[in-house]
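An overview of the molecular structure
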Amino acid sequence: PFMGEAIYFGTVGNILPVAVIGQEAAGGPLIYDEFVTNFGPMLNDAGQIVFAAFVSDGVNGPRLAILAGDATDPETHIFVAQENGGLPSGATLQDAPLINNAGDIAFHIVDGGGDASLWLATVTGDLARIVGTGDQFLVDAGDPENEFDDDVREVLSLKMGSNTDGYQYLSDNGSVVFGLVFTDGSEGIFTSNIVIPEPGSLALLAGAGALLLARRRR
């Protein structure tokens, strides 16, 4: 007998557990401690599921993790991102992770220091931070022969909307759309695309004149 939460998937008459509190997450050794129920699981047309949970090793406190894989086969699930394992310490989700039909996963978080950031991952385990608070962001490249002609502004905050109301910022071709507010009071809407040139790495391609330059140094 089970007393706790679980995520289920299937068809009428054939509903099976995807993840269960107290059981191993993605093959262990971490276990599911609590699901982020206010941001429920999402499913793409290929039958891949993405969901958020707090996981723990039974000794240290729980930490946020995002998992994805085949909804019908929990053995395929992997950690696409987790706190202290790619994500900054104290990360909290600001919306449900999105998954497109190609298996790309987008989500945005606020870290323990209050900085917001937008991330993109794949079900094969690649992870990239797209943009976030304090970044120096290239709004307009200007004259290519004059580097001082570039319009670079510092990111103050992200404006992402809420996909729980049907808002989607991730397309099936890997484009991610996001709004930015800058420290000078200006703001805009931008898009970035990703390509995977080789295993284990992600590159960002500029879209709509936007290109991430560098993160703020602390």
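Residues numbered from 1 in each chain as written. Predicted model: local features only at pLDDT ≥ 70, side-chain atom pairs only at ≥ 80, totals over all residues. Heavy atoms only, no water.

Points about the overall build of the protein
In terms of regular secondary structure, the protein is built from zero helices and 18 strands. In the protein, which comprises 218 residues, the proportion classed as buried is 42%. Here the contacts in the protein between residues at least 6 apart in sequence split such that 41% fall between residues at least 24 apart. Entry remark: accessible area of the protein is about 11100 Å², with carbon and sulfur atoms responsible for 51%. (Helix = DSSP H or I, 4+ residues; strand = E, 2+ residues; numbered from the N terminus. Buried < 20%, exposed > 50% of the residue type's maximum accessible area, 1.4 Å probe, protein only. Contact = heavy atoms within 4.5 Å. Areas by Shrake-Rupley, 256 points an atom, 1.4 Å probe, with all protein chains shown as cover.)

Comments concerning the pairing of strand β14 (residues 151-159)
When strand β13 (residues 136-140) meets β14, the two strands line up antiparallel, connected through four bridges. From the neighbouring strand, Leu138 faces β14, where its bridge partner is Val152. As paired strands, β14 and strand β15 (residues 176-182) are joined by four bridges and run antiparallel to one another. Pairing of Leu158 across the sheet is with Leu180, part of β15. (Pairing = 2+ DSSP bridges.)

Digging into a nonpolar patch on the surface
The grouping of Tyr167, Val177 and Ile189 at the surface amounts to a nonpolar patch, some 270 Å² of accessible area in total. Structurally, Val177 is set in strand β15. (Patch = residues over 30% accessible without salt bridge, like charges linked within 9 Å, V, L, I, M, F, W, Y side chains within 5 Å. Salt bridge = Lys/Arg side-chain N within 4 Å of Asp/Glu carboxyl O.)

A closer look at the packing of aromatic side chains
Tallying each qualifying case throughout the model produces eight aromatic pairs. The structure contains a cluster of three or more aromatic residues connected by ring pairs, namely Phe137, Phe178, Phe182 and Phe190. When the ring centre of Phe182 is taken as reference, the NZ or CZ atom of Arg153 above it lies at 5.8 Å. (Phe/Tyr/Trp six-rings, centres within 6.5 Å; stacked < 30°, edge-to-face > 60°. Lys NZ or Arg CZ within 6 Å of the ring centre and 35° of its normal.)

Some details on the confidence of the model for the protein
Mean pLDDT over the protein works out to 82, with 82% of the residues at or above the 70 mark. With pLDDT under 50 throughout, residues 196-218 is counted as low confidence; its partners more than four residues away or in other chains account for 58 contacts. (pLDDT = per-residue confidence, 0-100.)

Points about the environment of Ala46
Tracing the sequence through the fold places Ala46 in the loop between β4 (42-43) and β5 (48-56). Sequence separation of Ala46 and Asn100 is 54 residues, and the distance between their C-alpha atoms is 9.0 Å.

What to know about the pattern of salt bridges
Within this structure, the stated rule accounts for three salt bridges. Salt-bridge contacts for Asp135 lead to Arg129; the nearest nitrogen and oxygen are separated by 2.9 Å. Residue Glu187 is joined to Lys159 by a salt bridge in which the shortest nitrogen-to-oxygen separation is 2.9 Å. Of this pair, Glu187 sits in strand β16 (residues 187-195) while Lys159 sits in strand β14, placing them 28 residues apart in sequence. Since its relative accessible area comes to 43%, Lys159 is described here as partly exposed.

What about unusual backbone geometry?
Residue Gly28 is joined to Pro29 through a cis peptide bond whose omega torsion reads 5 degrees. Its place among the elements puts Pro29 in the loop between β2 (14-20) and β3 (31-35). Look at Ala26: it is not a glycine, yet its phi comes out positive at around 50 degrees. Note that Ala26 resides in the loop between β2 and β3. The exposure class assigned to Ala26 is partly exposed, which follows from its relative accessible area of 26%.

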